[in-house]
Amino acid sequence: MKNKLLKSLLLALILVGVKSYGNFEQPKLLFEENKGQIVNAEGKLLSEVLFRANLPGASIWITEKGIIYNFFKSNEKENLGLEEQNKKSLTKNFDWYRNVMNLKNASISKGNLKKLDQTEFSYTYRTNNNTIVADLFKELVFSNIYQGIDWRLYIEKGHIKQEFIVPPNADINLIDL
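The shown structure was predicted, so the numbers you read here are calculated from the model rather than taken from an experiment.

Caption draft 1: Spotlight on the overall build of the protein chain. Of regular secondary structure, the protein chain possesses 2 helices and 9 strands. Looking at the 177 residues of the protein chain, the share that counts as buried comes to 28%. Pairs at least 24 apart in sequence give 46% of the contacts found in the protein chain among residues at least 6 apart. In the form shown here, the protein chain has an accessible surface area of approximately 12900 Å², with 53% of it arising from carbon and sulfur atoms.

Caption draft 2: Quick peek at the pattern of salt bridges. Applying the stated criterion to the full structure yields 7 salt bridges. A salt bridge links K110 to E33; its shortest N-O distance comes to 3.2 Å. Taken together, the positions of K110 in the loop between strand 5 (94–102) and strand 6 (113–127) and E33 in strand 1 (residues 31–33) put the pair 77 residues apart, joining distant regions of the chain. On the basis of relative accessible area, E33 is assigned to the buried category, the value being 14%. The partner of E156 in a salt bridge is K161, with the nearest N and O atoms 3.8 Å apart. For E156, a relative accessible area of 35% corresponds to the partly exposed category.

Caption draft 3: View of a nonpolar patch on the surface. A surface patch of nonpolar side chains, about 370 Å² in accessible area, is lined by F72, F94 and W96. By secondary structure assignment, the location of F94 is in strand 5.

Caption draft 4: Highlighting the nonpolar core. Membership of the largest hydrophobic core comes to 23 residues, with the highest contact counts inside it found for F51, I62, F142 and W151. Going through the elements one at a time, strand 2 (49–55), strand 3 (58–63), strand 4 (66–74), strand 7 (130–146) and strand 8 (149–156) are the ones with two or more residues in this core. One finds I38, L46, V49 and W61 within the second-largest nonpolar core, a separate group that totals 5 residues.

What counts as what
Residues numbered from 1 in each chain as written. Predicted model: local features only at pLDDT ≥ 70, side-chain atom pairs only at ≥ 80, totals over all residues. Heavy atoms only, no water. Helix = DSSP H or I, 4+ residues; strand = E, 2+ residues; numbered from the N terminus. Buried < 20%, exposed > 50% of the residue type's maximum accessible area, 1.4 Å probe, protein only. Contact = heavy atoms within 4.5 Å. Areas by Shrake-Rupley, 256 points an atom, 1.4 Å probe, with all protein chains shown as cover. Salt bridge = Lys/Arg side-chain N within 4 Å of Asp/Glu carboxyl O. Patch = residues over 30% accessible without salt bridge, like charges linked within 9 Å, V, L, I, M, F, W, Y side chains within 5 Å. Core = buried A, V, L, I, M, F, W, Y, C linked by side-chain atoms within 4.5 Å.

Below, the structure written as structure tokens:
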């Protein structure tokens, strides 16, 4: 009886462990606030980027002007010989494409963030004796980007969605992409 109970308990722990392991395999898609850690390929600080969301093969930046979609993929296969592995100086070639969606005449800043749906996660970056803690969010709502119109960005089923919240008294014609 004792042996049977011990086996059942061990099996339950293994099943919980396997289920938990599966949860770590897919990172969550979240908006990361820029607190000085976001740089371009040359290492230049991108202060105009307010938030970013990273996906496999893409990085999406929420800026003071709208959204920048950066898509990239490696065009080289990683067939490393022993000599290359020892050098650790690999240069990869990437194909990339950028799509910019500007919201003309919109007022987008951290100052008009109406709602931040913060998660329990944050990243800590250490650079040049500085420690940066960047919080992660599931939803952002910028209020009054056009007179009376809010802009909502959110994560749903692993996809980034956006919508304009236009009350009946607001002028939808103000939205200019």
